[in-house]
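# Secondary and tertiary structure notes
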Amino acid sequence: TPVESYALDLEQDIFASIRTDYNGFDAWINKVRGDSANRECFIITEDGGTYAAVAILKVNELASECPYDLPEPITKISTFKVQEEFGGQRYGELLLKAVLLSHRDHSAGSAYVEVWDRHQRLIDFMKMFGYYDAGKSARGEIVLAKRYQPRDPSMSPLDFHIAYGPPAASDQANVFVIPIIEQWHDQLFPECIPETQQPMLPGLEGTTLPWGNALRKAYLCNSSSRQIQPGDAILFYRSRLQTVSVIGVVEEASRTSSPDEVLNLVGGRTVYGPTDIAQLASHSAQLLVI
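First, a word on scope: everything that follows refers to the structure included in this document. (Residues numbered from 1 in each chain as written. Predicted model: local features only at pLDDT ≥ 70, side-chain atom pairs only at ≥ 80, totals over all residues. Heavy atoms only, no water.)

Further remarks concern helix H5 (residues 157–164). Within an α-helix, residues lying three or four positions from one another point in the same direction, as the helix has 3.6 residues per turn. Across the eight residues that make up H5, a large majority, six, are buried. Contacts from the buried residues of H5 go to strand S7 (142–147) and strand S11 (243–249). (Buried < 20%, exposed > 50% of the residue type's maximum accessible area, 1.4 Å probe, protein only. Helix = DSSP H or I, 4+ residues; strand = E, 2+ residues; numbered from the N terminus. Contact = heavy atoms within 4.5 Å.)

The next thing to look at is the packing of helix H8 (residues 259–266) against helix H9 (residues 274–281). Across the interface, H8 lies against H9 with an axial gap of 9 Å and an inter-helix angle of 125 degrees. Here H8 is positioned oblique relative to H9, judged by the angle of their axes. When you trace H8 past H9, the crossing you get is right-handed. In this structure, H8 uses Pro259, Val262 and Leu263 to contact H9, whose residues at the interface are Pro274, Ile277, Ala278 and Ala281. Residues that form the contact of H8 with H9 fall into these classes: seven nonpolar, no polar and no charged. (Axes fitted to C-alpha atoms, helices over the stretch in contact; angles between N-to-C directions. Parallel < 35°, antiparallel > 145°, perpendicular 65-115°, else oblique. Left-handed = near helix turned anticlockwise from the far one by under 90°. Nonpolar A, V, L, I, M, F, W, Y, C, P; charged D, E, K, R; others polar.)

What follows is about the packing of aromatic side chains. Evaluation of the coordinates by the stated rule reveals eleven aromatic pairs. Where phenylalanine 15 meets tyrosine 51, the ring centres are 6.1 Å apart and the plane angle is 65 degrees; that geometry is what we call edge-to-face. With phenylalanine 15 in helix H1 (residues 13–21) and tyrosine 51 in strand S3 (residues 51–61), this residue pair connects regions lying 36 residues apart in the sequence. The pair phenylalanine 15 / tyrosine 51 is uniform in exposure class, with both members buried. Taking NZ or CZ as reference, lysine 146 lies 5.6 Å from the ring centre of tyrosine 131, over its face. (Phe/Tyr/Trp six-rings, centres within 6.5 Å; stacked < 30°, edge-to-face > 60°. Lys NZ or Arg CZ within 6 Å of the ring centre and 35° of its normal.)

Before going further, it helps to examine the nonpolar core. Counting residues in each nonpolar core, the largest one holds 27 residues, and the members touching the most others are Ile77, Phe80, Leu96, Val99, Met126, Tyr131 and Leu144. Among the elements of the structure, strand S2 (39–45), S3, strand S4 (74–82), helix H3 (91–105), strand S5 (110–115), helix H4 (120–127) and S7 are those that each provide at least two residues to this core. Once residues lying within four places of it in the same chain are set aside, the contact partners of leucine 144 are Ala111, Tyr112, Val113, Val115, Ile123, Met126, Lys127, Tyr131, Tyr132 and Asp133. Phe176, Ile180, Leu188 and Trp211 belong to the second largest nonpolar core, which has 16 residues in total. (Core = buried A, V, L, I, M, F, W, Y, C linked by side-chain atoms within 4.5 Å.)

Turning our attention to the sheet that holds strand S13 (residues 287–289). The strand order across the open sheet built from three strands is S9-S13-S12, with neighbouring strands paired in antiparallel fashion. In the strand order of this sheet, the two ends are held by strand S9 (220–221) and strand S12 (254–256), each with one partner. (Pairing = 2+ DSSP bridges.)

Structure below.
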């Protein structure tokens with residue numbers, strides 16, 4: 001949920017842990033709250049309004065203010081935090097989805113975040129989505145940057161998609177159309193459900209599932225195709241509506257008959273449970289995991 005910076009609830013527990021990381025947090029957050037027009041804040045709340053995750057962006061940092069050589073317009077990710085007790089819900093990916101869409105909406109030329117090296121999981125996570133090591137800050141933090149301009153058309157399709165997306169589309173990528181059942185589509189891509197439409201499964205109103213939150217999703221089927229390669233684009237075709245709402249980019253495609261191998265690969269990223277996966281894996285064509 002987007003919120004104005006002046007409306008952030010600073011009594012939330014999530015800010016206590018941020019204070020320990022950032023000496024001078026209170027003075028800084030007061031400055032942020034007074035600069036609401038140039039800030040974007042996203043929060044994920046649990047029952048009772050508890051903040052499970054928060055991101056705070058400075059959406060237009062001038063080159064003269066930025067200590068790094070990055071193309072304008074520059075977005076600084078000032079805060080990106082998921083509370084540990086809410087792990088396993090893919091809230092980090094849901095939060096990053098909002099951040100990446102903000103980069104797109106503001107036509108960012110680049111974006112960056114400063115991270116202490118003790119947060120290795122966050123560093124590895126951001127690098128998966130095109131943020132690269134751009135040196136050290138004056139305080140000794142690792143600087144992770146993502147450049148949107150200029151684009152290098154000579155990159156492989158997968159490298160291009162990681163560097164400039166999501167969303168981005170390489171004109172060098174092969175494109176495949178994959179049909180998807182409507183109820184699975186709504187679970188995997190809940191952002192595509194119009195506010196006027198109820199979810200396909202009763203009881204999901206206002207809730208999210210790990211595979212719906214995730215940016216990296218898994219698609220399982222018994223197709224015998226061996227054509228799909230990393231970097232290829234997938235158009236998810238909704239046959240009932242005769243439309244495509246989502247484009248995916250293939251990171252990896254593999255074939256197996258081992259349910260345990262599949263569960264290790266795709267845990268929390270697919271609509272299918274262990275029983276469904278075991279049934280799919282028993283097929284003579286084996287199980288294609290995308």
